[in-house]
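In case you want the letters, here they are:
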Amino acid sequence: MLRILLKDLRRRSRDSMLLVFGVVLPLGMAFVFGVALSGGSQPSGRYGVAGPSAAEFTQRTGLPDLEPVAGVARARQLAESNELDAVFVVSPAGIEVVGSVDAPLAVQVAREVAESYALPGGQNVQVTQDATLGTRELDTRTYHAAGAAMFFAFFAVMLSVTGLFEERRNGTLARLLSMPVPRASILTAKLLVGVIVGLAGMALLVAATTLLLGVRWGPPAGVAALIAAGVLAATGLMTALASFARTAEQAANWQSATATVLGLLGGSFFPVAPELSMFTPHHWFLEGLAELRGGASILPALAVLLAVAALSFPVAAVRVGRMVAP
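The model shown is predicted, which means the values in this text are computed figures rather than measured ones.

**A look at unusual backbone geometry**
Working note: non-glycine residues mostly have negative phi, and peptide bonds are mostly trans.
Inference 1: Even without glycine at this site, asparagine 82 takes up a positive phi of about 65°.
Inference 2: On the secondary structure map, asparagine 82 appears in the loop between helix H4 (71-80) and strand S3 (86-91).

**Let's talk about the packing of helix H10 (residues 220-242) against helix H13 (residues 281-293)**
Inference 1: Interhelical geometry of H10 versus H13 gives an angle of 175° and a closest axis separation of 10 Å. Classified by the interaxial angle, the pair formed by H10 and H13 is roughly antiparallel. Judged by residue contacts, Gly222, Val223, Leu226, Ile227, Ala233 and Leu237 of H10 engage Pro281, Phe285, Gly288, Leu289 and Leu292 from H13.
Inference 2: Its residues assigned to classes, the contact of H10 with H13 shows nine nonpolar, two polar and no charged.

**Notes on the pattern of salt bridges**
Inference 1: Scanning all chains against the criterion turns up two salt bridges.
Inference 2: Across the salt bridge formed by arginine 46 and aspartate 85, the nearest N and O atoms sit 2.8 Å from each other. Of this pair, arginine 46 sits in the loop between helix H2 (16-36) and strand S1 (47-50) while aspartate 85 is found in the loop between H4 and S3, placing the two residues 39 residues apart along the sequence.
Inference 3: Of the residues examined, arginine 46 reaches a relative accessible area of 40% and is grouped as partly exposed.
Inference 4: In this structure aspartate 85 comes out as buried when scored by relative accessible area, which is 10%.
Inference 5: Between arginine 76 and glutamate 96 there is a salt bridge, with its nearest N and O atoms 3.4 Å apart. With arginine 76 in helix H4 and glutamate 96 in strand S4 (residues 94-99), this pair connects stretches of sequence that are 20 residues apart.
Inference 6: Residue arginine 76 is classed as partly exposed on the basis of its relative accessible area, which comes to 33%.

**Remarks on the pairing of S4**
Inference 1: Of all six residues making up S4, six are buried, and the element is well covered by its neighbours.
Inference 2: In this structure, S3 lies alongside S4, joined through six bridges in antiparallel fashion. Across the sheet, the residue bridging to valine 87 is valine 98, located in S4.
Inference 3: Where S3 folds back onto S4 in an antiparallel hairpin, the turn is made up of two residues.

Parameters at a glance
- Residues numbered from 1 in each chain as written.
- Predicted model: local features only at pLDDT ≥ 70, side-chain atom pairs only at ≥ 80, totals over all residues.
- Heavy atoms only, no water.
- Helix = DSSP H or I, 4+ residues; strand = E, 2+ residues; numbered from the N terminus.
- Axes fitted to C-alpha atoms, helices over the stretch in contact; angles between N-to-C directions.
- Parallel < 35°, antiparallel > 145°, perpendicular 65-115°, else oblique.
- Contact = heavy atoms within 4.5 Å.
- Nonpolar A, V, L, I, M, F, W, Y, C, P; charged D, E, K, R; others polar.
- Salt bridge = Lys/Arg side-chain N within 4 Å of Asp/Glu carboxyl O.
- Buried < 20%, exposed > 50% of the residue type's maximum accessible area, 1.4 Å probe, protein only.
- Pairing = 2+ DSSP bridges.

As structure tokens, then:
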């Protein structure tokens, strides 16, 4: 099994498409969204300011059309009624961003403003949208880097899975089956290739975005756990889906469409309604990172990602097992 695994990994390491989808595109997207969108342009949205340091904050930031708000209670009312997208509640102790749950992108931009222009002695920035979110928000660069990484992880895994069809077509699979190697070992090696490729790509992206873009992923142990669970979910889903296809082309089409829809609904590039995104692994990966950054438990996000893997891998194993049958 180890020889089969190493052989497939060597072949995948020479696959230029895998390098493009696994590293180049997600890194490029993270740069475009994380740097360009968080650049120096003034944010668009309906914002207010409250608190004893409101005047100083307004002067230092230079934000136009900041509506004065009388206190935190009034700020919450305006955010809940969607009259304002977010209100900066500023005091010498810190800055609280009270935001509307219906304007997640505007709230995310408001947090960036608060972190960039925090007053001296007030570096503590909190984001409040509702009782469940609290302070658990990702900054713009981390959000887009993590979203792009998870989005393209599905495509990197896809390229590894469709390789099984190519081996069956060119006769390599038949030669493997003629060797004195248990069929379960061949199946395990093929599935492990996708997992290892996904893990390697994600690890490389974490290192690259941290060094080049200043992305703050969070505590390494928690990030590693979320990445492992996310890659397992992606591999299980992509393999199970491909196993129902008849050709490599059909499998690639099905996988590409599914990966794109899941990525868009999961909020890989911009926040979407939670009632839609919660059915995707991408949402739970991003949610886990946000919980990690906020010091909360990532167990719910891990549980969902591992549940997706646990449900999809048996289907994939049975279906792919038929492909490697003598």
